[in-house]
Structure formats: structure tokens, C-alpha cells
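Summary of structural features
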Amino acid sequence: MIMSKSMKINTPRDLPPVDEVMRDEKLADALQRHGHAMVLRAVRNALDEARETLLMKSDAVTTSTLSYSVDDLIRKALDKLELWSTPLIQHVINATGAILHSNLGRAPLASVAAEAAYNAGRRYTTLEYNLEEGARGERTAAVEILLQRLASVESALVVNNNAAAVLLILATLARGREVVVSRGELVEIGGSFRIPEIMEESGAMLREIGTTNKTHPDDYLRAIGDETAAILKVNRSNFRIEGFTEDVALDKLATIAHQHGLPLIYDLGSGCLSRELHGLIREEPLVLDAMATGADVICFSGDKLLGGPQSGIIVGRRRYIEAMRRHPLLRAFRCDKMTLAALEATLLLYLNPSRAHKEIPLLAMALADKDVLEKRVSSFVNALNEADVPASMYSESSIVGCGSAPGCKLATPVVAIDPSCAPRRSTPDELLRQLREEKPFVIARAGNGRVMLDLRTVFPEEEDTLLQRLLHILA
Ligand SMILES: *Cc1c(COP(=O)(O)O)cnc(C)c1O
């Protein structure tokens, strides 16, 4: 039977064979682009789905809604190919005001850092090559020398993330022995990083002391014994304890540790290297200050307050760091070349703080000038109003996010849109959904019957795209 391509197929029996669909000239481009195997899979998939739907078709449903033409099948196959070949990691405009958004990839890289990663990725590099000697070089030497300078430390080591850093430190310095930790610092971060569990994996034994809200110097002194390998202090990054609280200050803790010949390990979590940023969010200590106060080994993430790529940075006394360098776990935790290139470029920016503040997005966003933000918001609001979309400027606050500085709110003007009175009406939830539906994807939040757009976390070059997207939906 010769069928026209647009003729409707109503029963599974009439579906064309795979080979016949594959010969259709509408698939020629797709065959070039995706290859025979992928196209075949898509066509089979489309045919299977059609067969299933036609089989399930009950008499109650009119045939017109559930029938297929060959063209329909091809369209379905092409849609599948499009979907399968589209990366799942897509650019989004972050209008939430959370500078480090755990679900949106934490810190965006400085352009020079992203370029360094790009170049390291697509060409050969001196990753482990010493040009001067024409021989093998040290993989992480460049980054470690920069860290030594920036944090005024004897030695540094870089691994995949801060969780790996904590595990490596404990496995190296305390396997089979005890580590003293305050109960107020037994934290869980991001749902999967828990101090007691990491401790167990490392082979070290947790010696909990004090209570959730109070830990005294005596608690530490009583716990220290022959089995003690180290004292661990953990920055309570994602929460605060308020009310009757007490913990032992870092300098006192260092004195106690050193009197007993123990290293003081400090899991700083965020790791702030910028004095200006520390001035803004006092609760996040400067790596430099923590070191000067007497910590022996400090670890922190590269993609939190540092504003670089995902990595775990360990700094501190040479003898401890050298022991970690020899630990077999280091090989399992090592960073990839793109990460190291991006981290090096980020740290190079820190050598000149004013450049760092301009070029590292995290610093630029956190330290953004209120007047500049107000100007941006007010012209955004005007542009919406001109298109009859009701919007105004609200006083709100942005957050650093990602467990950094949990108590810190950065006062921020935001664009507040009332979608219920726009030319094309919508509700706040509906608008948020629409913004997530099509490219460029936008993530925002709702409150008080409005959709709030915090321009602090929107890159200036994304602003017009964001505006056009809103006008397209609402005006
Ligand atoms: C974030 C954080 C970690 C985990 O760091 P990752 O880089 O996400 O592995 C560990 N400890 C503290 C205190 C943190 O804040």
C-alpha cells in the first residue's frame, strides 16, 4: 500500500517499518548531524511510542486526536534528537540575589579564570613540565606559591574540594587516634558533608566535648590525653547559634593545642582572602588572620568566598602539609588541569586587590556600590513601566549564600513586579515558571504577591536580555 506522508495512521498495524521512515529525506540533515545510530534510535523511539498510544486508544477517544502521519513521526524523532543533543548544563540568569547559589554552580569565574581553564582544556600545557629544565615539573607548584604569598603561610596544597581537604587532613594527622571537636561544631553542610562521618571515613576518632551551645577551655583540657592527635575547629558556616552561647576563641584554642604539642586544624569553610569583603561580612574570618592567630592547618573551598573554581585549599605549617603531600589519598583527590588553571588565574587577580574586586564576580557583586545598584534598578523599573508593566523599587537584601556568612544580609534595592496587572496577566508563581521555561532561563523569587529581581547577581551584560524576556512574557 502506498501511503501519503500526511495520511493518518489509526492502528499499530499501519505504522510504517523503521527502514521506510529512515529513508525519508527530512531526516537527511539529522543523519549528517547526529549519525545513523542516534537517528535510528530516535525513529524507533517515536514508532514505539506511537504504537503504544495507538494500542491504548480506547473507543471513547476520537481517532483524530490519536492518530499519526509519517510526518508526525519524523517530527517526534527530530524533537527527540534535539533534546538528546542539548547539554543539560545551561546558562541561567541568577536574579535571586544569592551570590553563591548552591544549585547554580556557586561562584561564577572571573573572565580571565574562565579563559585560563578554556585554554588549558583545549591545548597542551606546562601542567607538569618545567620549561627551564625541559623536564618534569610540579603539578600544583604555581598555585601553591601564590597561596603562600596571599595567606602568608609556610606551605599550601590544593585538592578537589574542601570535603576532600578535611578528609585528607584527618587521615594524615589523626588516623587511629582522637580528634577533639566541640559539639557546637559538629556540622552538616549541603546535606552530605557531616563532620562525624568524614571523621569516621578518615580513620580518626571523634572526641566530642562541650554542649551544643557552650564549650569551655576546660572541656578541651579534660579531653586531651595520650590518644589525642589534634584539635579541630569548624566554622559554623551555614547556621548561627544565638542566646546563651560560648566557645573558645581561636587564640586560646591555639595556646591549648600548642601547650600539648598538638596541631590546631581549622575547617574555615569559606576562606575569605579579601580584606574588604571581610570588612563587609565580619563573621567570616580572613585566612590570613586565622593563620596569624595560631591555627596550624586551615582548609577552605575555592568556590565560596574566594570566587574561584571548585577546589579544596589547605594552607599551614610545612611539616603537616608535607605529610599530606605524601599521603596516597592525595592522588585520588587531585585537581584537573582546567581547575588549576582557573584557580591560578583567580589567585593572580588577588595580587592586585582593586583588580580582584572588579574582575572576580563574587567580590564585585558583594561589594557592589548601593548607588550603582539603585541606578540599575531604577532604569530597569522605568523600562518596565514604559511598557505598562507595573514594577517598582523595593528595599530587600541579598545574601552571600552557600553557607557563607549565614547571618549577613546585604541591603539591596530590587525590582518588584506585579504580574497580575501587566498587559498580559500572570501570577507570581506562573511568571517564575515562565521565566524557567525558555532560553535564556531566569531564576528569581516571589514575595508579597510580587516577583523580585535582585540585579546584584545579574551581570550587567545580562540585564537587557532579562528585560526583553520579561517584556516578551508580560507586555
Ligand atoms: C562548605 C564547607 C565544607 C565543604 O566544602 P566543599 O568545597 O563543598 O567540599 C566543609 N566545611 C565547611 C565548614 C564548609 O563551610
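Residues numbered from 1 in each chain as written. Predicted model: local features only at pLDDT ≥ 70, side-chain atom pairs only at ≥ 80, totals over all residues. Heavy atoms only, no water.

1. Let's talk about the layout of surface pockets
- Roughly 680 Å³ of internal volume is contained in the largest pocket.
- L104, G105, R106, A107 and P108 are, among the 25 residues lining the largest pocket, the residues nearest its centre.
- Structurally, the lining of the largest pocket is a two-domain feature, drawing no fewer than three residues from each of domain 2 (111–359) and domain 3 (364–474). (1 Å grid on protein atoms, 1.4 Å probe; cavity = no way out; pocket = protein on both sides within 12 Å on 5 of 7 lines; lining within 4 Å. Points joined across faces, edges and corners; volume = space filled by probe spheres on them. Domains from an automatic or database assignment.)

2. Here's the deal with the pairing of strand 12 (residues 312–316)
- Buried residues dominate strand 12, accounting for 5 of its 5 residues.
- Of the two faces of strand 12, the one carrying G312, I314 and G316 and the one carrying I313 and V315 are both buried.
- Here 5 bridges tie strand 11 (residues 297–301) to strand 12, and the two strands are oriented antiparallel to one another. Considered in strand 12, the bridge of V297 is made with G316. (Buried < 20%, exposed > 50% of the residue type's maximum accessible area, 1.4 Å probe, protein only. Helix = DSSP H or I, 4+ residues; strand = E, 2+ residues; numbered from the N terminus. Pairing = 2+ DSSP bridges.)

3. Looking at the nonpolar core
- In this structure, I231, I298, V315 and L347 are the most contacted members of the largest nonpolar core, which totals 64 residues.
- Counting residues per element, this core draws most heavily on helix 15 (residues 337–350), at 7 residues.
- No fewer than three residues from each of domain 2 (111–359) and domain 3 (364–474) sit in this core.
- Excluding residues within four positions of it along the chain, I298 makes contact with Y266, L268, V287, A290, M291, I313, I314 and V315.
- The next biggest cluster of nonpolar side chains, apart from the first, holds 33 residues, and it includes V179, A204, A229 and I314. (Core = buried A, V, L, I, M, F, W, Y, C linked by side-chain atoms within 4.5 Å. Contact = heavy atoms within 4.5 Å.)

4. Regarding the packing of helix 7 (residues 162–174) against helix 8 (residues 195–202)
- Running from amino to carboxyl end, helix 7 crosses helix 8 at an angle of 50°, the nearest separation of the two axes being 8 Å. With respect to helix 8, the element helix 7 is oriented oblique. Our pair here, helix 7 against helix 8, has a crossing hand that is right-handed. For the pair formed by helix 7 and helix 8, the contact residues are A163, V166, L167, L170 and A171 on the first element and I198, M199, E201 and S202 on the second. (Axes fitted to C-alpha atoms, helices over the stretch in contact; angles between N-to-C directions. Parallel < 35°, antiparallel > 145°, perpendicular 65-115°, else oblique. Left-handed = near helix turned anticlockwise from the far one by under 90°.)

5. What about the side chain of N94?
- For N94, the position within the fold is in strand 1 (residues 92–94).
- Reaching out from N94, the side chain makes a polar contact with the side chain of T96 at a distance of 2.5 Å.
- A distance of 3.1 Å separates the side chain of N94 from the backbone oxygen of A98, its partner in a polar contact.
- When sequence neighbours within four positions are dropped, the list of residues in contact with N94 reads H101, L104, I443, D454, T457 and V458. (Polar contact = N/O pair within 3.5 Å; in protein donor to acceptor, adjacent residues only side chain to side chain.)

6. Focus: the domain arrangement of the chain
- Partitioning the chain into structural domains gives domain 1 (12–85), domain 2 (111–359) and domain 3 (364–474).
- For domain 1 and domain 2, the distance between their C-alpha centres works out to 54 Å.

7. Comments concerning the sheet that holds strand 12
- On the basis of which strands lie adjacent, the open sheet formed by 7 strands has the order 4-12-11-10-9-5-8 and mixed pairing. Strands at the two margins of the open sheet, each flanked by one partner only, are strand 4 (155–159) and strand 8 (205–209). For this sheet, the mean angle separating the axes of adjacent strands, direction not counted, is 25°.
- As defined by bridge partners, strand 9 (residues 228–234) adjoins strand 10 (residues 264–269) across 4 bridges and the pair is classed as parallel. For I231, the partnering residue across the bridge sits in strand 10 and is L264.

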